[in-house]
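So the chains spell out like this:
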Amino acid sequence: MKRNSILAVIAVLSFSLIASAGTISGKVSGVSGESVVYVDSIQGKTFPAPSKSPVIDQKGLMFQPHLTVVQQGTTVEFLNSDKVAHNVFWTSVGGNKKLGHNLGTWPQGEKRSFKFDNPGAAPLLCNVHPEMSAYIIVVPTPYYTTSDKSGEYKIENVPDGSYTVTAWHEGAKNQSKPVTVSGDTKADFTLSK
Ligand SMILES: [Cu+2]
């Protein structure tokens, strides 16, 4: 009997946990192509970074992929697959020039890594090839997504609550707005340069 009632309580609790998670969806307009949308830092909450390290390759004189989104605290590996030497540096993270860093220059087949502990966009460049560029967007929560090319996005499994949600797009100004999540919630953004 007692065990059954405990199981019943667990069942009710699990159901309420499932029921209190929602989605944030909408559209990012004013720009064309993929945007990144994420829930900003939540006071009193920290989220351990996933242990998996994404790899950004330098291949065919390009950073591949061009856009990488990682959770704060993630280590990113930079690989050079080209016959020529490449460099990786960024002048700031989230607009903060003190967080600029130069990883150096290295030959084909070698990798270097860096742990991104501060949130914001890191614009990647190679000082050997000025035409090479890419972005790492470091986000403070696991609640983030990349929109499709038309700007439509959906962030799933966001616990109900009030948050600041930010939209980022290459070359545009970030936009942040308060969003109260309760079930399926809509939030649209209009970005400008
Ligand atoms: Cu290069």
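Before any of the text, the structure's been laid out above.
The rules behind the values
- Residues numbered from 1 in each chain as written.
- Predicted model: local features only at pLDDT ≥ 70, side-chain atom pairs only at ≥ 80, totals over all residues.
- Heavy atoms only, no water.
- Salt bridge = Lys/Arg side-chain N within 4 Å of Asp/Glu carboxyl O.
- Helix = DSSP H or I, 4+ residues; strand = E, 2+ residues; numbered from the N terminus.
- Buried < 20%, exposed > 50% of the residue type's maximum accessible area, 1.4 Å probe, protein only.
- Patch = residues over 30% accessible without salt bridge, like charges linked within 9 Å, V, L, I, M, F, W, Y side chains within 5 Å.
- Areas by Shrake-Rupley, 256 points an atom, 1.4 Å probe, with all protein chains shown as cover.
- Lys, Arg positive; Asp, Glu negative; His and termini not counted.
- Charge placed at Lys NZ, Arg CZ, Asp CG, Glu CD.
- Donors = N, O, S within 2.8 Å, 3.2 Å for Na, K, Ca; no water.
- Tetrahedral: all angles 85-135°; square planar, octahedral: opposite > 155°, others 65-115°.

**Details of the pattern of salt bridges**
Scanning the entire structure with this criterion turns up two salt bridges. One salt bridge in this structure joins Glu-77 and Lys-111, with 3.2 Å as the shortest N-O distance. Taken together, the residues Glu-77 in strand E6 (residues 74–80) and Lys-111 in strand E9 (residues 111–116) connect sequence positions 34 residues apart. Judged by relative accessible area, which is 24%, Glu-77 ranks as partly exposed.

**A short note on a negative patch on the surface**
The grouping of Glu-34, Asp-148, Glu-152 and Asp-188 at the surface amounts to a negative patch. With respect to the helices and strands, Asp-188 occurs in the loop between strand E16 (184–186) and strand E17 (189–190). Relative accessible area serves as the criterion here: at 45%, Asp-188 is assigned to the partly exposed category.

**Concerning the coordination of the copper ion**
Angles between donor atoms at a metal ideally measure 109.5 degrees for a four-coordinate tetrahedral arrangement and either 90 or 180 degrees for a six-coordinate octahedral one. Protein-derived coordination of the copper ion comes from His-86 (ND1), Cys-126 (SG), His-129 (ND1) and Met-132 (SD), at a distance range of 2.0 to 2.7 Å. Bound by four donor atoms, the copper ion shows angles of 94 to 134° at the metal and therefore tetrahedral coordination geometry. Along the chain, the residues donating to the copper ion fall in the pattern H-x39-C-x2-H-x2-M. Taken together, the residues His-86 in strand E7 (residues 86–90) and Met-132 in the loop between strand E10 (120–125) and strand E11 (133–139) connect sequence positions 46 residues apart.

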